[in-house]
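Working through the structure, step by step
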Amino acid sequence: MKHSTFLLFILPSLSVMFLFIAIPIVSVFIQSLHIEHKQVIIVSENCDPFGCETTTSVDTEASAKLKEKAPLGKFNGFKTYSNRMHFAFDEIGEAWNSSDSFIVFVKKIYNFPLYRALSFTLTYTFVVTPFVLFLGFLVALGVNNLPKLLKGPTIFASLLPMIVTPLVGSLILFWMVDGDGVIGATLQKLFNDNSLSLKASPVLTWVMLMVYGIWHLMPFSFIVFYAGLQTVPHETIEAATIDGASKFQRTRHVVIPHLMPLAIFITLILLMDNFRVFEPIISFRAEAHATSISWLIWNHLRESAYPLYNAAGATSMITIFCVGILLLPVLIRTWRDFNEKNKG
Amino acid sequence: MFLKKLILGGLTALFFSSSLFAADCGPNGQSIRILASDFPAIHAIANSAESNCAGSASEFTRNHTTEARQIMNAAQTPDPAEYTSVIVANSTLVQLMNDGLVRPLNDLVEKYGGNLKSNQLITIDGKIMAIAFMANSQHMYYRTDILDKAGVDGMPATYDEIISAAEKIRSAGIMEHPLVMNLKVGWNVGEVFNTIYLAHGGEFFKQGSAEASINNAKGIAALETMKALVEYAHPDHLTQASDDTQGLWEAGQAAIGFMWGSRGGVILDNEGSSAEVTSNTVLSAAPTVTGGSIPGATLWWDGITIATNVSDSEAEATFAALVSGMTSEMVAANNDDAIWLIDGFKPGPAAAGVSATAQGGAKSYPMFAQMGLLHNALGAELVDFLKGAESAEQALSDVEAVYETAAKDAGYL
Amino acid sequence: MNTKIENKLTPVRIIAFVFVALWLIVAMFPFIWTLWGSFKVQADFFSKADWANAIFGFHTEKQTGNFFTIDGYYGSWIEEEFWRAVINTSIVVFFTVLISLTFGTLGGYALARSTYRYAFWILMAGLIFRAMPHMTLVSGYLQPFFAWNVWGILPTTIIVLVAINQPFTLWMLHSFFLNIPKDLDESAMCDGCNRFQAFRYVIIPIMWPGVITTGLFSFLLAYNDFTVTSMLLSDENETMIPAIASFLGTVQEEGKVMYAVAAVVSATAPLFFLVMFFQRQIVSGLTAGAVKG
């Protein structure tokens, strides 16, 4: 394809991405290298309906002057990345020196927010992704074998976990897994244990989050595989059937190779989305036992009265970096495919 | 239903204000734009202001959104600001003041504030920054029938009495987990610590600086009290917030509660519960420590502010309109929607807990600029202690370390 | 499907049926439960006493005199004017999908056919763009949008959703275009078509299965988005999901949870028809293979 034609085709897409994603990423990165100016704090007397108190407040005029000189704040280099909220290098060194066994050391590391979040995020990513990929493929094969009349309703029903907004969907599921809810109570009966609580035990919380993740994402891999199955060339299948290939052999040698590009695509998206797992943690209120990288960003931005843009920016950059590493094997494959395609 | 009440309230306010006296709406032809959270009491004030003064304004818009707190600083920074008024609470006023986005109201109060009571004025170093209109706090809820059955005399007034009452209920075999508290990880659990720490006489920061000072004997005592209480709470307590505690209470599964006053009305009404629960539920003051005098609660208010980055006449019109909404007629029409600070409020049983707590000398939620950061650190780091995975000292030193990092980033340290 | 052997009930087919049936139960159960529960009061549907209340409606009968109540639907649609949010959502979703797909098919096609290295690097950049957490992006938009006075209106939200969705759309359509053999459009170009004509007359007629599937995801993204719409839209332009969120209440104030439940259920109904309509398009992809031969 000629450069000029290519440019014309890609221009609209590229320009929105450039404006609304690329520029913000750069600005977020710059922001993550700065911290706020020192606030000028003054002692003040506050009175409200319930009495007066001596507190401190910010001298906004003095602080505004500082801000005018350097609107980005104070340059901090990569210190935000290495502080206790992120990689905590100093603290880890200290923990290493003061721990007498490796287990104590690991426990101490687990106490730092980023490492705690990473441990759940990675486990979640590597458990949920293969399950979704595999089960989604099986469902797609199954639905493909259904009589035509049943296909439509089945597709719709399969999409439900993805359609119903997590905001309310998980509110309902959260109640269902409660000790008094229908799933929770059934499990208690099943295991004959009245104190069984999916919400109070760390292990069960992790399992619950992952099961939810699989349930919620299955429709995605299902529908992509299903659409892919529609493009499997009939002639090849028929030829294979005439050659006496069994159904399993046909799936193995014709269908799967044909769907490989789609599988790679799904893996890419799933790895990325699972690494950014966030909603289930909030809706299942699992923060006590499981936090994720995206949850940290949310915490920096929204939960404190003062949004910590630098911390959120640094965590976002770490997210991008980790996603890059996660995707590396897939990317290398894509690179090879790309070169092969162009040779042939 | 809420909205019917609201519309009715708005209409009554309209009727009273337009027929009995014409509201003073300040300069004509101004644009009034309000940003607020989305709940009935705020709707009542805004409705009343709108029906009084929308006619004389060139524009009267209201944005009621759950995300008000997230967007307000960005919305108010440009000149002219997106909104002429933001309706705030203790904690959010500080957030706007940090960036200098609210203006002092002294001259406006002088001109239009005839019907305001002096305790509605929120002053910071003598400058009036907001006008409060409603109050709230967490306090105790008791089931008197269950306390009687378990042989508890009167209503517990201290943490120790609460713990022994809970033990009596448990050992009498009435309930395994008689206590409900809003202990959901994050803001809620941090808030519960705040209340108990204040009851122990604790201070959050070193005098005159932004350095945290919670890792001390009082902090540890507060955590030990919290742990002792949690023993009697539902096993899922770390996931429970107001909706869940209210649900448990209404289902008759709890006998002692530490919940928000604003939930009193809906707990005591006849929906979602049984007569046995509602007729025996009593709201009372937040507890003190044994021998102490400060109730373990933080008092909250909601109030109006006026933006810095708008023209003086817009500010004047907005202020006049909102203040014209704070009438005893508006309160009378919406009496049960909030614990009003405005004249004409008739406190019912649902308001008993908050008034008792305020009269007992409870403190307001601290108005430090950096309080949100400490609260957030508490919310995230106390969990390990409550789960039993960490000592109290370790938890508090974690809180201080997390706070210190955040406060450095935000420029307070 | 076309040979007789495949229509027989073989063990493999039975296992497939059972598997699909199991999946359907798992996928649908929470929704059916919600559908049923939306006609109950909150004390039943979220009962802390006994989950059977949600089925039999103990409190519903006490409060309304009947086992079923439409209070949730009445409250959300009539009293709280949920239909406004539905209209706003329709506008946002329609334009987001339309623009996303237009930009995406052009870009995706170009990327699939280009033999130069930069195509690969654009795909990689797309991945990095997609890895960026939305929350950080949105909080960065706020200040400039307010300053330029474009905050709160639908077009801003639409273009932001398009941009956020673009990396995904590009990747997905790129994968689909790779599946369409190169010789097709290239032979058209030999016949004297230019690139645009080849795209218009050869590619567009057979690209629908991929486009519909991609469109489905753009649709779901715009339809279910909370991060962007809640932060970038004002009250009068509010879409469904933030509207539902505002039914849920806050720490201090009780919400109207049943309004939210009823709103969710009723917002799902039109989707049923949408999917039923487009599944024909997806299935019509069956013939795409034939075109190729």
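Residues numbered from 1 in each chain as written. Chains lettered and ligands numbered in written order. Predicted model: local features only at pLDDT ≥ 70, side-chain atom pairs only at ≥ 80, totals over all residues.

**A word on the overall build of chain C**
Along its length, chain C carries 16 helices and zero strands. Expressed as lengths along the three principal axes of its C-alpha atoms, the size of chain C is roughly 75 × 65 × 30 Å. Counting only residues that meet the buried cut, chain C has 50% of its 293 residues in that class. Long-range contacts, defined here as pairs at least 24 residues apart, represent 70% of the contacts in chain C between residues at least 6 apart. (Helix = DSSP H or I, 4+ residues; strand = E, 2+ residues; numbered from the N terminus. Buried ≥ 20, exposed ≤ 12 C-beta atoms within 10 Å, placed from the backbone. Contact = placed C-beta atoms within 7 Å.)

**A look at the overall build of chain A**
Per the secondary structure count, chain A includes 15 helices and four strands. At 26 Å, chain A has a C-alpha radius of gyration far larger than the 20 Å of a compact globule built from 344 residues. In terms of overall dimensions, chain A has C-alpha extents of about 90 × 70 × 50 Å along its principal axes. Taking all 344 residues of chain A together, the buried fraction comes to 49%. The long-range share in chain A, meaning contacts at least 24 apart out of those at least 6 apart in sequence, stands at 65%. (Rg over C-alpha atoms; globule rule 2.2 N^0.38 Å.)

**A look at the pairing of strand S2 (residues 59-64) of chain B**
Residues and elements named next belong to chain B. Inspection of the sheet shows strand S1 (residues 31-36) paired to S2 by six bridges, in the parallel sense. Across the sheet, residue Leu35 finds its bridge partner in S2, namely Asn63. On the question of chirality, the crossover connecting S1 to the parallel S2 by way of helix H2 (residues 40-53) is right-handed. (Pairing = 2+ DSSP bridges. Right-handed = clockwise from strand over helix to strand, strands pointing away.)

**A short note on helix H16 (residues 371-381) of chain B**
H16(B) sits mainly inside the fold: eleven of its eleven residues count as buried. Where H16(B) is concerned, the buried positions are B:Met371, B:Gly372, B:Leu373, B:Leu374, B:His375, B:Asn376, B:Ala377, B:Leu378, B:Gly379, B:Ala380 and B:Glu381.

**Examining the domain arrangement of chain A**
All names here are of chain A. If you check the domain split of chain A, you get domain 1 (28-76), domain 2 (78-111) and domain 3 (114-343). The distance between the C-alpha centroids of domain 2 and domain 3 comes to 31 Å. Mapped onto the side of domain 2 that touches domain 3, the elements with two or more residues apiece are helix H3 (79-82) and helix H5 (102-110). In the side of domain 2 that touches domain 3, the residues fall into six nonpolar, two polar and no charged. (Domains from an automatic or database assignment. Nonpolar A, V, L, I, M, F, W, Y, C, P; charged D, E, K, R; others polar.)

**Here's the deal with the interface of chain A and chain C**
You'll often see interface size given as the accessible area lost when the parts meet. In this assembly, 84 residues from chain A lie in contact with 85 residues from chain C. Ranked by residues supplied to the side of chain A that touches chain C, first place goes to helix H1 (residues 3-32) of chain A with 16 residues. For the side of chain A that touches chain C, the class distribution of residues is 58 nonpolar, 21 polar and five charged.

**With respect to the pairing of strand S6 (residues 138-143) of chain B**
All names here are of chain B. For S6, the tally of buried residues reaches six of six residues, placing the bulk of the element in the interior. Two strands pair when backbone bridges link them, and S6 and strand S8 (residues 256-260) are joined in this way by five bridges, in the antiparallel orientation. Bridging across to S8, Met140 finds its partner in Phe258. Taken together, the four bridges between S6 and strand S9 (residues 281-284) define a ladder with antiparallel strand orientation. Each residue of the ladder has a partner; that of Arg143, found in S9, is Thr281.

**Brief notes about the interface of chain C and chain B**
Counting residues at the interface gives 29 residues for chain C and 34 residues for chain B. Sort the elements by how many residues they give to the side of chain C that touches chain B and helix H8 (residues 134-147) of chain C lands first, with four residues. By residue class, the composition of the side of chain C that touches chain B is eleven nonpolar, twelve polar and six charged.

**Brief notes about the sheet that holds S6(B)**
Residue and element names in this part refer to chain B. With mixed pairing, four strands are arranged side by side in an open sheet as S7-S8-S6-S9. Each edge of the open sheet carries a strand with a single partner, namely strand S7 (179-181) and S9. Put simply, the sheet's adjacent strands are angled 25° from each other on average, direction ignored. Of the strands in this sheet, S6, S7 and S8 touch helix H10 (residues 242-250), which is tilted by about 140° from S8. (Axes fitted to C-alpha atoms, helices over the stretch in contact; angles between N-to-C directions.)

**As for the confidence of the model for chain A**
In the predicted model, chain A carries a mean pLDDT of 87, and 99% of its residues have values of at least 70. The weakest mean pLDDT in chain A belongs to helix H8 (residues 166-176) of chain A at 79; the strongest belongs to helix H6 (residues 113-144) of chain A at 94. (pLDDT = per-residue confidence, 0-100.)

**Here we look at the confidence of the model for chain C**
All names here are of chain C. With 92% of its residues at a pLDDT of 70 or more, chain C has an overall mean of 84. Averaged over each element, pLDDT in chain C is lowest for helix H16 (residues 288-292) (35) and highest for helix H6 (residues 82-113) (94). Low pLDDT (under 50) marks residues 1-6, which in the prediction has three contacts with non-local residues, meaning those over four places away or in another chain. Taken together, the chains of this predicted complex give a pTM of 0.90 and an interface ipTM of 0.88.

**Focus on the nonpolar core**
Generally speaking, nonpolar side chains in soluble globular proteins are found buried as a group. Core analysis: the largest hydrophobic core is formed by 325 residues, its most contacted members being B:Ile45 and C:Ile244. For this core, the element with the highest residue contribution is helix H10 (residues 202-229) of chain A, accounting for 14 residues. Residues within four places of B:Ile45 in sequence aside, it is in contact with B:Phe133, B:Leu322, B:Gly325, B:Met326 and B:Met330. (Core = buried A, V, L, I, M, F, W, Y, C linked by C-beta atoms within 7 Å.)

**What about the domain arrangement of chain C?**
All names here are of chain C. Looking at chain C, the domain boundaries give domain 1 (4-74) and domain 2 (83-292). Computed from C-alpha coordinates alone, the two centres of domain 1 and domain 2 are separated by 30 Å. Facing eleven residues of domain 1, the contacting portion of domain 2 comprises eight residues. Counting residues per element, the ones that place at least two in the side of domain 1 that touches domain 2 are helix H1 (11-37), helix H2 (42-45) and helix H5 (71-79). Residues belonging to the side of domain 1 that touches domain 2 are distributed by class as follows: five nonpolar, five polar and one charged.

**Regarding helix H15 (residues 352-359) of chain B**
Residue and element names in this part refer to chain B. Buried within H15 are the following residues: Gly353, Val354, Thr357 and Ala358. In an axial view of H15, the angular spread of the buried residues amounts to 125°, which keeps them on one side of the axis. Those residues of H15 that are buried lie in contact with strand S5 (127-136), S6, helix H11 (264-268), S9, strand S10 (298-306) and strand S11 (339-340). (Arc of directions from axis to C-beta.)

**Concerning the packing of helix H12 (residues 247-275) of chain A against helix H9 (residues 154-179) of chain C**
Viewed as axis vectors pointing N to C, H12(A) and H9(C) meet at an angle of 170°, and their least axial separation amounts to 10 Å. Taken together, H12(A) and H9(C) sit at an angle that is classed as roughly antiparallel. In this structure, H12(A) contributes A:Pro261, A:Leu262, A:Phe265 and A:Ile269 to the contact, and H9(C) contributes C:Phe168, C:Trp171, C:Met172, C:Ser175, C:Leu178 and C:Asn179. (Parallel < 35°, antiparallel > 145°, perpendicular 65-115°, else oblique.)

**What to know about the packing of helix H7 (residues 117-131) of chain C against H9(C)**
Angle between the axes and distance between the axes are the two parameters that describe a pair of packed helices. Residues and elements named next belong to chain C. For the pair H7 and H9, the least separation of the axes is 9 Å and the interaxial angle reads 140°. If you check the angle between H7 and H9, you find them oblique. Here the hand of the crossing between H7 and H9 comes out left-handed. When H7 is examined against H9, the residues Leu123, Gly126, Leu127, Phe129 and Arg130 are found in contact with a partner set consisting of Pro167, Phe168, Leu170, Trp171 and His174. Looking at the contact of H7 with H9 residue by residue, the class counts come to seven nonpolar, two polar and one charged. (Left-handed = near helix turned anticlockwise from the far one by under 90°.)

**Topic: unusual backbone geometry**
In this structure, B:Pro80 follows B:Asp79 across a cis peptide bond, with omega equal to 5°. With respect to the secondary-structure elements, B:Pro80 resides in the loop between helix H3 (68-76) and strand S3 (85-89). Here B:Asp125, not a glycine, exhibits a phi torsion of approximately 55°, which is positive. For B:Asp125, the position within the fold is in the loop between strand S4 (121-124) and S5. One non-glycine residue, C:Asn149, adopts positive backbone phi at about 65°. In this fold, C:Asn149 is placed in the loop between H8 and H9. Residue classification places C:Asn149 among the exposed positions, given that 11 C-beta atoms sit within 10 Å.

**With respect to the environment of C:Trp151**
Secondary-structure assignment places C:Trp151 in the loop between H8 and H9. In this view, C:Trp151 contacts B:Glu82, C:Phe145, C:Phe146, C:Thr156 and C:Leu232; residues no more than four positions away in its chain are not counted.

**Description of the environment of A:Asn145**
As for its position among the elements, A:Asn145 is in the loop between H6 and helix H7 (148-163). Every residue in contact with A:Asn145, bar those within four places of it in the chain, is listed here: C:Arg13 and C:Ala16.

**Notes on the environment of A:Leu114**
Structurally, A:Leu114 can be placed in helix H6. When the C-alpha atoms of A:Leu114 and A:Met317 are compared, they prove to be 13 Å apart, with 203 residues separating the residues in sequence.

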